[in-house]
Amino acid sequence: MSKVLAIANQKGGVGKTTTSVNLAASLSVTRNRVLLIDMDPQGNATMGSGVDKNGLEYSIYDLLTDQADFANVVKRSEGEYDLIPANGDLVSAEVELISLENRELRLRNIVEANREHYDFIVIDCPPALSMLTINSLVAADGVVIPMQCEYYALEGLSALMDTIRAIQDRINPTLKIEGILRTMYDPRNKLTSEVNGQLFNYFGDAVYRTVVPRNIRLAEAPSYGKPVIKYDRKSRGAIAYLALAGEMLRRHDESARVIQ
Ligand code: ATP
Ligand code: MG
C-alpha cells in the first residue's frame, strides 16, 4: 500500500526541502517507487532534484489548474525518483484556486489518480499555512514535521497543529502526524536537550530516533542539482537520511502488521 507524506512546517528554513529531496532519494535507493511533488513556488525541491525550474513547459501549477495531464508534467530526477516540478507560476495558483470548485481537494485528486504507481509520494510544502499547504495536508496520509531544536521551535508548532486538527475534522479524518524530525541537530547547543525533553513529552513516539546533524554536504548538494547520496554518499548527511528512510520503513511495516 502506498503512503503519501507531506513535509510541512510553516516556519521557513527548517529543512523541509532538504528532507523532501533526500528522503525521496533515500527511499528510492531501497527500491521503492517514489514521487516527489514540489508544492513551493520557490521551486527549491525542483532545482535540488536537478530539474531547471526556469525551463519547464509544465509544472504543478498546470496540474492544479487543469491545464496539463500528469504524464506531461512528471520528470525523472537525478535521484532516480519521479518529480512533479514547481516554479514561480505556482504563486498565481494560490489566487486562481480560490475561484475553483473543490479548491482544497485539487492535489488530493491528482495524488489519488496516480498513487497506485508509487510506494511513497513525498510533498514538499511552502513555509506558510496557505492554500498550497492545505492542499498538501488534505492529500496526505501523514505529516512529517522537520524542526530545529531551538527556543521558538515549539511555539510555532501550535498553528500547524491547529491546521492539522481542522483538516482532520473537516476533510481528512485519517491524517496522522507521521513523525517529528530534528534537523540541523547540534547536541552541544544548551537548548537542544531542553527542547528534546519538551518534544518527547508532547509528541512521544512520534519523534524520530534519527536526527539529521548540521552537515555542509547537505547544504552544498542542491547547487549541483543532486540529493546528497549522489553527491557524497559517505557524508554524515547522507547517512542520516538513509537512516531516516530505514526508520520510516520499519515503522511502516510494523503498522501494516498491526492492521492485518
Ligand atoms: P523554506 O521554508 O524556505 O522552504 P526549508 O524549510 O525547505 O526552507 P531548507 O531549504 O531545506 O529549508 O533548508 C534551509 C537551508 O539550510 C538551506 O540552505 C539548506 O541547504 C540548509 N540545510 C538544511 N538542512 C541542513 C543540515 N542538516 N545541515 C546543514 N545545512 C542544512
Ligand atoms: Mg523549502
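Attention here is on the structure that accompanies the text. (Residues numbered from 1 in each chain as written. Chains lettered and ligands numbered in written order. Predicted model: local features only at pLDDT ≥ 70, side-chain atom pairs only at ≥ 80, totals over all residues. Heavy atoms only, no water.)

## A closer look at the overall build of the protein
Defined as follows: Working definition: helices are DSSP H or I runs of at least four residues, strands are E runs of at least two. Numbering for both runs from the N terminus. Put simply, the radius of gyration uses C-alpha atoms, and a globule should come to 2.2 Å times the residue count raised to 0.38. Burial status follows relative accessibility: with a 1.4 Å probe on protein chains alone, a residue under 20% of its type maximum counts as buried, one over 50% as exposed, and anything between as partly exposed. Should any heavy atoms of two residues lie within 4.5 Å, those residues are counted as being in contact.
A count of helices and strands for the protein gives 12 helices and eight strands. A compact globule built from 260 residues would reach a C-alpha radius of gyration of about 18 Å, and the protein, at 17 Å, matches this within 12%. Its C-alpha atoms give the protein principal-axis dimensions of about 50 × 40 × 40 Å. Burial statistics for the protein: of 260 residues in total, 54% are counted as buried. A separation of at least 24 residues holds for 78% of the contacts in the protein among residues at least 6 apart in sequence.

## Some details on helix H5 (residues 90–98)
The following threshold applies: Our arc is simply the arc of the directions from the helix axis toward the C-beta atoms.
Leu-90, Ala-93 and Leu-97 are the residues of H5 that are buried. Looking straight down H5, one finds that the buried residues subtend no more than 30° of arc, so they occupy a single side. Exposed residues lying more than 90 degrees from the buried face of H5 are Val-91, Val-95 and Ile-98.

## Topic: the packing of helix H6 (residues 106–114) against helix H7 (residues 131–139)
What counts is decided by this rule: Orientation is described by lines fitted to C-alpha atoms, with helices fitted over the stretch in contact, and by angles between N-to-C directions that extend from 0 to 180 degrees. Roughly parallel here means an angle under 35 degrees, roughly antiparallel means over 145, roughly perpendicular means 65 to 115, and every remaining angle is called oblique. Here a crossing is called left-handed whenever its near helix is offset anticlockwise from the far helix by less than a right angle, and right-handed whenever the offset is clockwise. For this classification, the nonpolar set comprises Ala, Val, Leu, Ile, Met, Phe, Trp, Tyr, Cys and Pro, the charged set comprises Asp, Glu, Lys and Arg, and every other residue, Gly included, is treated as polar.
One can describe the packing of H6 onto H7 by two numbers: an axis separation of 7 Å at closest approach and a directional angle of 40°. In this view, H6 runs oblique relative to H7, as classed from their interaxial angle. When the axes of H6 and H7 are compared, the crossing they make is right-handed. Contact residues: Arg-106, Leu-107, Arg-108 and Val-111 in H6; Asn-135, Ser-136, Val-138 and Ala-139 in H7. Tallied by class, the residues present in the contact of H6 with H7 amount to four nonpolar, two polar and two charged.

## Re the packing of helix H8 (residues 153–170) against helix H9 (residues 190–203)
Look at H8 against H9: their axes get within 12 Å of each other, and the N-to-C directions meet at 25°. Comparing the axis directions of H8 and H9 gives the class roughly parallel. Relative to H9, the crossing made by H8 is right-handed. Note on element contacts: H9 touches H8 through Gln-198, Leu-199, Tyr-202 and Phe-203, opposite Leu-154, Leu-157 and Met-161. Within the contact of H8 with H9, the residues separate by chemical class into six nonpolar, one polar and no charged.

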